[in-house]
There are 2 protein chains.
Amino acid sequence: MSFERVAIDELALNLNPLQTGGRASAAARKAAARFSDGYSVCDRCAGVLHDIEKPDIKCFAVELAEFVGMDRAAVTMGAREGKFAIFHTLSEPGRGAVLDANAHYSTYVAAQRAGLEVFKSTNTGDPDFRVTPDSFAETLEYCKSKTGKPAAAALLTHVDGDYGNLNDAAEFSKICKDAGVPLILNCAYSAGRMPVDGRALGVDFMVGSGHKSFAASGPVGFMGANGEWTERLFRTSLTHPNKNIELLGCTARGANVVSFMAALPGVKERVKRWDAEVAKAVRFVEAMESLGEIRQVGEKPKRHDLIRFETPLFHRIAENSRKRGYFLHSALADRGITGLKPGQTRWFKMSTFGFTDEQIDYLIEAFKEIARM
Amino acid sequence: MSFERVAIDELALNLNPLQTGGRASAAARKAAARFSDGYSVCDRCAGVLHDIEKPDIKCFAVELAEFVGMDRAAVTMGAREGKFAIFHTLSEPGRGAVLDANAHYSTYVAAQRAGLEVFKSTNTGDPDFRVTPDSFAETLEYCKSKTGKPAAAALLTHVDGDYGNLNDAAEFSKICKDAGVPLILNCAYSAGRMPVDGRALGVDFMVGSGHKSFAASGPVGFMGANGEWTERLFRTSLTHPNKNIELLGCTARGANVVSFMAALPGVKERVKRWDAEVAKAVRFVEAMESLGEIRQVGEKPKRHDLIRFETPLFHRIAENSRKRGYFLHSALADRGITGLKPGQTRWFKMSTFGFTDEQIDYLIEAFKEIARM
């Protein structure tokens, strides 16, 4: 077996939205390497990961909670593991979970694993694919009418991975509060890229992803709770009272947590530049659409770096190309650009996060050239 | 925050049983560093972690299953996450889980999180602390009488973390089969250190730990199932049929899985030297006991590298020492030896795994010197 990453992937501009917010910072990389031995993070452990002071996971958990505006946070293996822990805490037989129409598959699987019946809201369809607070309210109502009880939980995807739409979580919080349903905000694509404040948004729970949006070496993420929910999510074992049930005692007990910790200072700085990130996305969309036969779908103007394009232009070129569907992937690879699915020409999604203005210029130029092929 | 490990920890002989089998091999270290970017393992993913062929996680899962003698295996975040997934698969309201008396705390927490009532067998107490097949059979019976049904699952700790006792899993398998209860073998301290063959042992499920016993950079581990149980453990979502419910789609989606893969070839070699590892432990115990007022507890002679000592000798010296309880930790640190809990002098556990004969000689000499303090 080979463990070399394909050279071009490391050197190239990787447009995959999964990858742009998770490029490990130098500090994260160094910290992970320092702690690559199996249980080395536990060298100074007295029994609870989140109480370890060397490295200072204890302080980090507090700092992270403050950063995202939650009363208490804990490190998890990723956002989905946090979603499951919260759903599992709230689940009761016969109860439902309300999800927004653009929720990630792992949200479904997490709710299903916790034994909840899933009720999905609608979105507005082409071209915006927006989840409206009204559709969410209707789904909450529908869930109640079908199960006989309010949903055990509602989950809103703060920024979804299909369109990069940013939902106004505060509006959804109000609706959930009125319905008596606790709201989980999935910040896998928001926290760590842009400023997020759970308390200001009025959410009850939050999850986020270290490897997706915190420049950390994964898998790692976090979950947080506010107010009365804190105690329930972080309940402990009756037989082992210092062990959190939903954390199985300890979660990210390795290099991953240390890389997350080392990445945070840089992340705190980069979220201050969020407006510039959005401006970059908007500029990129304009340039791409000016090529003709290319259309950005999802909310417009962009308020996030994840962009979905419909690209009949590239599909038409592909049909006349010797490489057929692989032409776009191949033409980009020739220009040191990667991250698009091979074989995809009708549409694709990508992200402009973290690229310099010069790199954005280069990307635009590359697509322009390819449009003329 | 500082992310330097205390220098002596890295250079010293670390006796902590948590650490000796998890020192990352050079290959594991290099692979982890190569994939430290957040989601880089997903560069070539078509939707399912265990189907990724670059790096070849697909082959690895098959190779791992073969190595431990299970029909199917999947990478998890660690042994405890595997235990929970299995308990959760088997759990029903009102049912129990039977655990051996020496089970790790995370086994309790995993069973409790899955909603199972825990029934613990007894052990033979001082000096052997052995779990007998008879006591396990009695506990299975007791669980049935209390809950009205056979236990939903039984878990046997193959080698426990308190005494390093090695249980003859085949005997326990027969008992569980007779009782109609599926058996989970927790191999966190066995698989990766010594040869283990789940099919030969007749177990239904197995879990193991990459960061504890496979020289991998964690957190990472595996779970496996045999026969009819395979389909149940690896059931998929009705709405997302390529996503495993208990894996939440994908588990160890980062540097951890790659380090595990890179470590396996070395692990396959090292388990062939298991007899020599045991001989080392036996020799060390003899040397320590020859100092007087030191007694190895747990089964004797040792059949595993994890050793627990009662050390009235060191406690007596500590009482007369200026450093009191910290004398032993400090005297060892002076000699480049670490991994014992500070403040502990009445007893300690340690491991001889992976040390050279010369290092064992050095350790014996060090303890001899300290015994004369």
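Up top is the structure these notes are about.
I will try to describe carefully the structure that is included in this document. In this text, all values refer to a predicted model and were calculated from it rather than measured experimentally. (Residues numbered from 1 in each chain as written. Chains lettered and ligands numbered in written order. Predicted model: local features only at pLDDT ≥ 70, side-chain atom pairs only at ≥ 80, totals over all residues. Heavy atoms only, no water.)

1. Focus: the overall build of chain A
Stage number 1. Scanning chain A from terminus to terminus reveals 16 helices and 12 strands.
Stage number 2. Rg of the C-alpha trace for chain A: 21 Å, near the compact-globule value of 21 Å for 373 residues, within the 12% margin.
Stage number 3. Its C-alpha atoms give chain A principal-axis dimensions of about 65 × 55 × 40 Å.
Stage number 4. In chain A, the proportion of contacts linking residues at least 24 apart, taken out of those at least 6 apart, comes to 69%.
Stage number 5. When the 48 basic and 46 acidic side-chain charges of chain A are each reduced to a single mean position, those positions are 4 Å apart. (Helix = DSSP H or I, 4+ residues; strand = E, 2+ residues; numbered from the N terminus. Rg over C-alpha atoms; globule rule 2.2 N^0.38 Å. Contact = heavy atoms within 4.5 Å. Lys, Arg positive; Asp, Glu negative; His and termini not counted. Charge placed at Lys NZ, Arg CZ, Asp CG, Glu CD.)

2. So, the relation of the copies chain A and chain B
Stage number 1. The two copies are related by a screw motion: chain A maps onto chain B through a turn of 180° and a shift of 0.0 Å along the axis, at an RMSD of 0.0 Å. What the superposition gives is, in effect, a two-fold axis relating one chain to the other. Closest approach to the rotation axis among the C-alpha atoms of chain A is made by Ala33(A), whose C-alpha sits 3.3 Å away.
Stage number 2. Of all interface residues in chain A, 100% are interface residues in chain B too; the two copies therefore contact each other through one and the same surface. (Least-squares fit on C-alpha atoms with pLDDT ≥ 70 in both.)

3. Examining the packing of aromatic side chains
Stage number 1. Evaluation of the coordinates by the stated rule reveals 29 aromatic pairs over all chains.
Stage number 2. Judged by centre distance (6.2 Å) and plane angle (75°), the ring pair of Phe67(B) and Phe214(B) falls under edge-to-face. Separated by 147 residues along the polypeptide, Phe67(B) in helix α4 (residues 57–68) and Phe214(B) in the loop between α10 (210–213) and β8 (221–225) bring together distant segments of the chain. Like Phe214(B), Phe67(B) is buried.
Stage number 3. Both rings, one in Phe314(B) and one in Phe367(B), keep their centres 5.9 Å apart while their planes meet at 45°; by these two values the pair is tilted. Of this pair, Phe314(B) sits in helix α14 (residues 312–319) while Phe367(B) sits in helix α16 (residues 357–371), and the two are 53 residues apart along the sequence. An identical accessibility class is assigned to Phe314(B) and Phe367(B); each is buried.
Stage number 4. Grouped by ring-pair contacts, the aromatic residues Phe60(A), Phe67(A), Phe214(A), Phe222(A) and Phe260(A) constitute a single cluster.
Stage number 5. In this structure, Arg308(A) is placed above the aromatic ring of Trp347(A), and the distance from its NZ or CZ to the ring centre is 3.9 Å. (Phe/Tyr/Trp six-rings, centres within 6.5 Å; stacked < 30°, edge-to-face > 60°. Buried < 20%, exposed > 50% of the residue type's maximum accessible area, 1.4 Å probe, protein only. Lys NZ or Arg CZ within 6 Å of the ring centre and 35° of its normal.)

4. Describing the nonpolar core
Stage number 1. Ranked by size, the top nonpolar core spans 192 residues in total, and within it Phe87(A) and Phe87(B) carry the most contacts.
Stage number 2. In this structure, Phe87(A) is in contact with Ala97(A), Leu99(A), Thr107(A), Ala110(A), Ala111(A), Ala114(A), Leu116(A), Ala153(A), Leu155(A) and Ile184(A), ignoring residues within four places of it in sequence. (Core = buried A, V, L, I, M, F, W, Y, C linked by side-chain atoms within 4.5 Å.)

5. Thoughts on the interface of chain A and chain B
Stage number 1. With 75 residues of chain A at the interface, the matching set in chain B holds 75 residues.
Stage number 2. In total, about 6500 Å² of surface goes out of reach between chain A and chain B, with carbon and sulfur atoms giving 54% of it.
Stage number 3. Summed over the shared surface of chain A and chain B, the number is six salt bridges.
Stage number 4. With a shortest N-O distance of 2.7 Å, Glu246(B) and Arg113(A) are connected by a salt bridge.
Stage number 5. Taken together, the connections running from chain A to chain B amount to 32 residue pairs in polar contact (both at pLDDT 80 or more).
Stage number 6. Contributions of two or more residues to the side of chain A that touches chain B are made by α1 (7–11), α2 (17–20), α3 (26–34), α4 (57–68), α5 (79–90), α6 (105–113), α10 (210–213) and α12 (255–270) of chain A.
Stage number 7. Ranked by residues supplied to the side of chain A that touches chain B, first place goes to α6(A) with seven residues.
Stage number 8. Among the residues forming the side of chain A that touches chain B, the class breakdown is 31 nonpolar, 22 polar and 22 charged. (Buried area = accessible area lost by both parts, 1.4 Å probe. Salt bridge = Lys/Arg side-chain N within 4 Å of Asp/Glu carboxyl O. Polar contact = N/O pair within 3.5 Å; in protein donor to acceptor, adjacent residues only side chain to side chain. Nonpolar A, V, L, I, M, F, W, Y, C, P; charged D, E, K, R; others polar.)

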